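Take a look at the letters that make up each chain.
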Amino acid sequence: MYKIKQAVIVEGRYDKIKLSRFLDGVILATGGFTVYKAGAILDTIRTLAKKTGIIILTDSDSAGFRIRNYIKQAVTEGEVLHAYIPDIHGKEKRKKQAGKEGLLGVEGMDEDIILDALKKAGCEIDGTSSEIKRGRDITKADLYRLGLSGGADSKELRHDVSKELGLPMKLSANMLLDMLNRLLDYNELEELTEHIKTKKQKI
């Protein structure tokens, strides 16, 4: 079992069951869109953000991002971290058919992928948090300079960078910037985007 400091906020009970198999810590399920109506759940999330910090781990489909953004806007104090699972097509074993967008949710992810997502987000696991960054911060101007925003092909390039880093493709430029600053320095991002552009030119 991995001991985690922050409380992990997930969508449903099956997500909670999955994480409880290998994580020792507070895992709170929002009940999906129930969080919009259940003030008690939101109050608990706000309290946890101030006491231990929270890490939001929702599915990478549109519904997951709506729930994530709702919690993000509702929690104005304390520590709020964002963990993202990659876009992997498939369906959970217990379901007869895949979701509307055909993507695996948290409950369908391998343990290693979930742990990697938590580490990338800065979650404290077994008393340590991963500090991957080395060089200077990446800015919005850097995203523009490297073609990740403001250009005709920027969205596609952001998708390619997200895929390389194991992040979902629905990340906005701002969300991506936040994650990039946890994972890379400017030189590493420049190298990655150039590698992707070169690879596309060869196709």
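Anything mentioned here points back to the structure above.
The present account deals with the structure reproduced in this document. (Residues numbered from 1 in each chain as written. Predicted model: local features only at pLDDT ≥ 70, side-chain atom pairs only at ≥ 80, totals over all residues. Heavy atoms only, no water.)

**A short note on helix H8 (residues 186-202)**
Right, on to step 1. Here H8 contains 17 residues, and its C-alpha end-to-end distance of 25 Å stays within 8% of the 24 Å for a straight helix at 1.5 Å per residue.
Right, on to step 2. Inspection of H8 places Tyr186, Leu189, Leu192, Thr193 and Ile196 among the buried residues, and these make up the whole buried set. Take H8 and look down its axis: the buried residues cluster within an arc of 130°, on one side only. Within H8, the exposed residues directed more than 90 degrees away from the buried face are Asn187, Glu191, Gln201 and Lys202.
Right, on to step 3. Looking at the buried side of H8, the elements it contacts are helix H5 (140-145), helix H6 (154-164) and helix H7 (173-183).
Right, on to step 4. By the N-cap criterion, in which a side-chain oxygen at the helix start approaches the backbone nitrogen of a residue two or three places on, H8 is capped by aspartate 185, the distance to asparagine 187 being 3.1 Å. (Helix = DSSP H or I, 4+ residues; strand = E, 2+ residues; numbered from the N terminus. Expected span 1.5 Å × (residues − 1). Buried < 20%, exposed > 50% of the residue type's maximum accessible area, 1.4 Å probe, protein only. Arc of directions from axis to C-beta. Contact = heavy atoms within 4.5 Å. Polar contact = N/O pair within 3.5 Å; in protein donor to acceptor, adjacent residues only side chain to side chain.)

**Examining the pattern of salt bridges**
Right, on to step 1. Tallied over the entire structure, the rule returns eight salt bridges.
Right, on to step 2. Taking the shortest distance from any N to any O, the salt bridge between arginine 136 and aspartate 142 comes out at 2.8 Å.
Right, on to step 3. We note a salt bridge from glutamate 164 to lysine 199, for which the minimum N-O separation is 3.2 Å. Taken together, the residues glutamate 164 in helix H6 and lysine 199 in helix H8 connect sequence positions 35 residues apart. (Salt bridge = Lys/Arg side-chain N within 4 Å of Asp/Glu carboxyl O.)

**Structural notes on the packing of H6 against H8**
Right, on to step 1. Across the interface, H6 lies against H8 with an axial gap of 10 Å and an inter-helix angle of 110°. Relative to H8, H6 is oriented roughly perpendicular. As for the relative orientation of H6 and H8, their crossing is right-handed in sense. Contacts from Glu156, Leu157, Asp160, Val161 and Glu164 of H6 reach H8 at Leu189, Leu192, Thr193, Ile196, Lys197, Lys199 and Lys200.
Right, on to step 2. Residues belonging to the contact of H6 with H8 are distributed by class as follows: five nonpolar, one polar and six charged. (Axes fitted to C-alpha atoms, helices over the stretch in contact; angles between N-to-C directions. Parallel < 35°, antiparallel > 145°, perpendicular 65-115°, else oblique. Left-handed = near helix turned anticlockwise from the far one by under 90°. Nonpolar A, V, L, I, M, F, W, Y, C, P; charged D, E, K, R; others polar.)

**Focus: the packing of aromatic side chains**
Aromatic rings in a pair are described by how distant their centres are and how their planes are angled relative to each other.
Right, on to step 1. The tally for this structure, following the rule as stated, stands at three aromatic pairs.
Right, on to step 2. Between the aromatic rings of phenylalanine 33 and tyrosine 36, the centroid separation amounts to 5.4 Å while the plane-to-plane angle is 45°, which identifies the pairing as tilted.
Right, on to step 3. Exposure remark for phenylalanine 33: the relative accessible area of 35% places this residue in the partly exposed category.
Right, on to step 4. Between phenylalanine 65 and tyrosine 84 the ring centres are 6.1 Å apart and the planes differ by 20°, which places this aromatic pair in the stacked class. One end of the pair, phenylalanine 65, is in helix H3 (residues 62-74); the other, tyrosine 84, is in strand E6 (residues 80-84), and 19 residues separate them in sequence. Like phenylalanine 65, the residue tyrosine 84 is buried in the burial classification.
Right, on to step 5. Of note, arginine 68 hangs over the ring of phenylalanine 65, and the distance from its end group to the ring centre comes to 5.8 Å.
Right, on to step 6. Over the aromatic face of tyrosine 186 sits the side chain of arginine 136, whose NZ or CZ is 4.3 Å from the ring centroid. (Phe/Tyr/Trp six-rings, centres within 6.5 Å; stacked < 30°, edge-to-face > 60°. Lys NZ or Arg CZ within 6 Å of the ring centre and 35° of its normal.)

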